[in-house]
Amino acid sequence: AVVSTQSTGSEEENDNVRQSQGDRPPTNWVDYAEDRKIYVSSLNFATRDGSLKAYFEKYGKVEKAEVKMESATRSRGFGFVVFNEPEVLDSLLELKHTLDGREIEVKRAITMKEKFTTNKLFVGGLPPKLPNDDVVEFFRKFGEVQDVEWVVDRVTGNRKGFCFVIFMDSDSVEQVTDGKIPPQSQKHEIKGYTVECKKKFPDNHPVQKKIKRIQQQKKERAMAHDYMGQDYMAYGYDYYNGYYEGPYVGYGYPSFGYPYNNNNNNNSNGYPDARYGAAPTKMNYGPPAVPYRHTSSVSN
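Residues numbered from 1 in each chain as written. Predicted model: local features only at pLDDT ≥ 70, side-chain atom pairs only at ≥ 80, totals over all residues. Heavy atoms only, no water.

**What about the overall build of the protein chain?**
Here's step 1: Counting its regular elements, the protein chain contains eight helices and 12 strands.
Here's step 2: Expressed as a percentage of its 300 residues, the buried residues of the protein chain come to 43%.
Here's step 3: A separation threshold of at least 6 residues defines the contact pool for the protein chain, and within that pool the share at least 24 residues apart is 64%.
Here's step 4: For the protein chain, the accessible surface area stands at approximately 17100 Å², while carbon and sulfur atoms represent 48% of it. (Helix = DSSP H or I, 4+ residues; strand = E, 2+ residues; numbered from the N terminus. Buried < 20%, exposed > 50% of the residue type's maximum accessible area, 1.4 Å probe, protein only. Contact = heavy atoms within 4.5 Å. Areas by Shrake-Rupley, 256 points an atom, 1.4 Å probe, with all protein chains shown as cover.)

Shown next as structure tokens:
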């Protein structure tokens, strides 16, 4: 059985729902030297490329040694060494190492595949009433499904139109997304509905941080646009998802509109002459906020 988990989610999770289609990194994350590269940390800040290469050449021919620099004169305290032959690494990694009077840490470098693979999948564009079983049945074509996490609205308790599918193996996510790195996505169809699938990394992963940064920039631009009195209803924000249907609705206040009744045509114009844009009529503060809650259901 697959356990379907429902939660209201964190603000970061909700931000991930609106991932921006910003810069598109290449999809072929291949490092030609990944099987013969080591990562060296805890370096003396005085260590440079030459001394790093000289030290490791006693273990085998070094193709390249590089200390990562913060500036032209300041080291970041770590670097990489690429050997000509991958066999050197097996014996090298079992030893302790000291360079420039400091004990250093040596590890096999993480491969590009390891950096950009995950067993968690974001699925957006789902109709709220689509059965959990239909979602599980579709994604089982790509591999064993461990869990399906749904996020529910904090106010209504209704399921939102996205979920996270957890696979047993990251290769399944690679198949679903065709190996694409967010913000790139892959479209699929479930029971006649087109859904958007993206890899979901931990919030501290560089890819996820970049997505959040792009989204924050978009929010700031939209807010600045609104303050200029353009596009959005001046105080209602009805057409700006970030306020009307976004996180703030969780506090029980659907919008910030103040009705103004124009006696001439009975329309709501916000303020006389509609200088600040229309605001909704009959606006109130909405239902009280529903406390955070976490529910789960089991689907056989």
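Now that the structure is up, let's keep going.
**Describing the packing of aromatic side chains**
In this description, an aromatic ring pair is defined by two values, namely the gap between the centres and the angle between the planes.
Here's step 1: Tallied over the entire structure, the rule returns 14 aromatic pairs.
Here's step 2: A centroid spacing of 6.4 Å and a plane angle of 85° characterise the contact between F56 and F83, whose relative ring orientation is edge-to-face. Taken together, the positions of F56 in helix α2 (residues 49-56) and F83 in strand β4 (residues 75-83) put the pair 27 residues apart, joining distant regions of the chain. Residue F56 shares its accessibility class with F83, and that shared class is buried.
Here's step 3: Ring pairing ties together the aromatic residues Y55, F56, Y59 and F83, which thus form one cluster.
Here's step 4: The ring of F45 has R74 lying over it, and the distance from NZ or CZ to the ring centre is 5.6 Å.
Here's step 5: The residue whose ring lies beneath K120 is F164, and the NZ or CZ to ring-centre distance is 4.9 Å. (Phe/Tyr/Trp six-rings, centres within 6.5 Å; stacked < 30°, edge-to-face > 60°. Lys NZ or Arg CZ within 6 Å of the ring centre and 35° of its normal.)

**Regarding α2**
Here's step 1: Within the span of α2, buried status applies to L52, Y55 and F56. Looking straight down α2, one finds its buried side chains confined to an arc of 85°; they lie on one side. Away from its buried face, by an angle of more than 90 degrees, α2 presents the exposed residues G50 and A54.
Here's step 2: At its buried positions, α2 is contacted by β2 (37-41), β3 (62-69), β4, α3 (88-92), β5 (97-99) and β6 (102-108). (Arc of directions from axis to C-beta.)

**Focus: helix α5 (residues 132-139)**
Here's step 1: Counting buried positions along α5 yields six of eight residues, so the element is predominantly enclosed.
Here's step 2: What α5 keeps buried is the set N132, D134, V135, V136, F138 and F139.

**Considering the pattern of salt bridges**
Here's step 1: A full pass over the atoms with the stated rule returns 10 salt bridges.
Here's step 2: For R108, the salt bridge is made with D90, and the minimal N-O distance between the two is 3.5 Å. In this pair, R108 is assigned in strand β6 and D90 in helix α3, connecting sequence segments 18 residues apart.
Here's step 3: The class of R108 is partly exposed, set by a relative accessible area of 42%. (Salt bridge = Lys/Arg side-chain N within 4 Å of Asp/Glu carboxyl O.)

**Remarks on the environment of K68**
Here's step 1: Mapping K68 onto the fold places it in strand β3.
Here's step 2: For K68, a relative accessible area of 26% puts it in the partly exposed group.
Here's step 3: Aside from chain neighbours lying at most four places away, what touches K68 is S75, R76, G77, F78, G79 and F80.

**Considerations on the pairing of β6**
Here's step 1: Bridge count for β2 against β6 is four bridges, and the pairing is antiparallel. When the bridges of β6 are listed, V40 appears paired with V106.
Here's step 2: Sheet analysis places β5 next to β6, joined by three bridges and oriented antiparallel. From the neighbouring strand, L99 faces β6, where its bridge partner is R102. (Pairing = 2+ DSSP bridges.)

**Some points on the confidence of the model for the protein chain**
Here's step 1: Scored by pLDDT, the protein chain has a mean of 75; 64% of the residues are at 70 or more.
Here's step 2: Across residues 8-30 the pLDDT falls below 50, and counting only partners more than four positions away or on other chains, this stretch makes 60 contacts in the model.
Here's step 3: Contacts for the low-pLDDT stretch residues 292-300, under 50 throughout, to residues beyond four places or in other chains number 26 contacts. (pLDDT = per-residue confidence, 0-100.)

**What about the side chain of K120?**
Here's step 1: Note on placement: K120 falls in strand β7 (residues 120-124).
Here's step 2: With a relative accessible area of 19%, K120 lands in the buried category.
Here's step 3: If near-sequence neighbours (up to four positions away) are discounted, K120 is found in contact with E149, F164, V165, I166, V173, K198, K199 and K200.

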